[in-house]
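# Summary of the model geometry
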Amino acid sequence: MDVLRTPDERFDKLPDYPFAPNYVVVETPRVPPVRMHYVDAGPADAPVVLLLHGQPTWSFMYRNVIRVLADAGLRVIAPDHIGFGRSDKVAEATAYTVRRHIDWLQGLVDGLDLRDVTVVAEDWGGPIGLGVLAREPDRFARVVVTNTAMYAFDPAEVGKLVWAHQSVGDERVVVQEALLDYVTFFQRSPDINPSLFLDAEAGPLDADVRAAYDAPYPDRRYKAGFRQLTLLIPLTPNDPCVAINRETMAALRRWERPFLTAYSEGDPATRGWERYLQELVPGAKGQPHTIISGAKHFVAEEKGEELGTVIAEFVGATR
């Protein structure tokens, strides 16, 4: 499999993103070793906050969150998933699976020997990051989830989610039309830039911000990772991601350490998950759950300082 590496000059002069690049080599079966990029900001000996982005963003989305957390005296690790940002890109789309994304992220967590970690999971950062937590719970101290979903086709999900995504018996499922449109659009479009979605949801964005979201992808060969991730959204109970999410949800049912939801008010795709997780996770009981107003899906882009403050206060109150 060919592995592509975005030229460094593509990342010159990114707005409000002054962070030096760091890398760790990670591995997964039947794919060449790849280099994973991460931001490392704040005091090296401070408690760790692990910021996990989703699709089609990269750690650039967290730039204002990173600044708030580092100023609060926390160590921030913000990786780019393989296929995203400054991390390597495997050119073959079928190389990307949910289990491999979990393997790669676990390689970073183990490679840096991160402990006492607060994981912040947005969008695909939930299934991937909490998938690592399910494997190695002792490395993690607390969880913050924002605008993420972990479909497991569990009957307990029915009636709690704004977007329909459930089994209805007789080997039939109901899936929100907009979700199917999103999945098929990514597969059928000749070419796509992430800024299209960021600008639609969080914009209008300045031209240099739109360019920063597109910077990792000089041409369509580099885009297999973020395009394939939409195809990995589970649409039936038979999807491999469902089996992984069920393992993760089982781990969360046992999670008694602090667990916070900080969803936005304007993201119907994930609304309802915050209430479901509050009921499901023992560590969510009694926590100061919040809804961030004035934001849609990409809450870290629209309300980064507010989200950073919520995270910093949560870490401080539960240390």
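Residues numbered from 1 in each chain as written. Predicted model: local features only at pLDDT ≥ 70, side-chain atom pairs only at ≥ 80, totals over all residues. Heavy atoms only, no water.

If you look the chain up in an unreviewed UniProt entry, it shows as Haloalkane dehalogenase from Mycolicibacterium moriokaense.

Moving on to the packing of aromatic side chains. In this description, a pair of aromatic rings is defined by centroid distance and the angle of the planes. By the definition in use, this model includes 16 aromatic pairs. Measuring from centroid to centroid gives 5.7 Å for Tyr182 and Phe197, while their planes differ by 85°, and the two rings are edge-to-face. Here Tyr182 is found in helix α4 (residues 177-188), whereas its partner Phe197 is found in helix α5 (residues 195-202), with 15 residues between them in sequence. Measuring from ring centre to ring centre gives 4.9 Å for Phe186 and Phe197, while their planes differ by 20°; the resulting arrangement is stacked. A residue pair is termed long-range when its members are at least 10 positions apart, and Phe186 in helix α4 and Phe197 in helix α5 qualify at 11 residues. Its relative accessible area of 15% is what places Phe197 among the buried residues. Each member of the aromatic cluster is reached from another via a ring pair, and the members are Phe11, Tyr17, Phe19, Trp58, Phe60 and Tyr213. In this structure, Arg35 is placed above the aromatic ring of Tyr23, and the distance from its NZ or CZ to the ring centre is 3.6 Å. Between the NZ or CZ atom of Arg63 and the centre of the ring of Phe60, over which it lies, the distance is 4.0 Å. (Phe/Tyr/Trp six-rings, centres within 6.5 Å; stacked < 30°, edge-to-face > 60°. Helix = DSSP H or I, 4+ residues; strand = E, 2+ residues; numbered from the N terminus. Buried < 20%, exposed > 50% of the residue type's maximum accessible area, 1.4 Å probe, protein only. Lys NZ or Arg CZ within 6 Å of the ring centre and 35° of its normal.)

This part is about the confidence of the model for the chain. On average, residues of the chain score 97 in pLDDT, and 100% of them are at 70 or above. The lowest-confidence element of the chain is strand β9 (residues 165-169), averaging 92 in pLDDT; the highest-confidence one is strand β5 (residues 75-79), averaging 99. (pLDDT = per-residue confidence, 0-100.)

What follows deals with the pattern of salt bridges. One pass over the structure, following the stated rule, counts 16 salt bridges. The partner of Arg63 in a salt bridge is Glu301, with the nearest N and O atoms 2.9 Å apart. Linking Arg63 in helix α1 (residues 63-71) with Glu301 in helix α10 (residues 299-302), this pair joins segments that are 238 residues apart in sequence. The residues Arg63 and Glu301 share a single accessibility class, namely buried. Arg275 is the partner of Glu274 in a salt bridge, and the nearest nitrogen-oxygen pair spans 3.2 Å. (Salt bridge = Lys/Arg side-chain N within 4 Å of Asp/Glu carboxyl O.)

Mapping Thr28 onto the fold places it in strand β2 (residues 22-28). Using a relative accessible area of 7% as the deciding quantity, one classes Thr28 as buried. Of the polar contacts made by the side chain of Thr28, one reaches the side chain of Asp103; its length is 2.7 Å. The residues contacting Thr28, other than those within four sequence positions of it, are Arg100, Asp103 and Trp104. (Polar contact = N/O pair within 3.5 Å; in protein donor to acceptor, adjacent residues only side chain to side chain. Contact = heavy atoms within 4.5 Å.)

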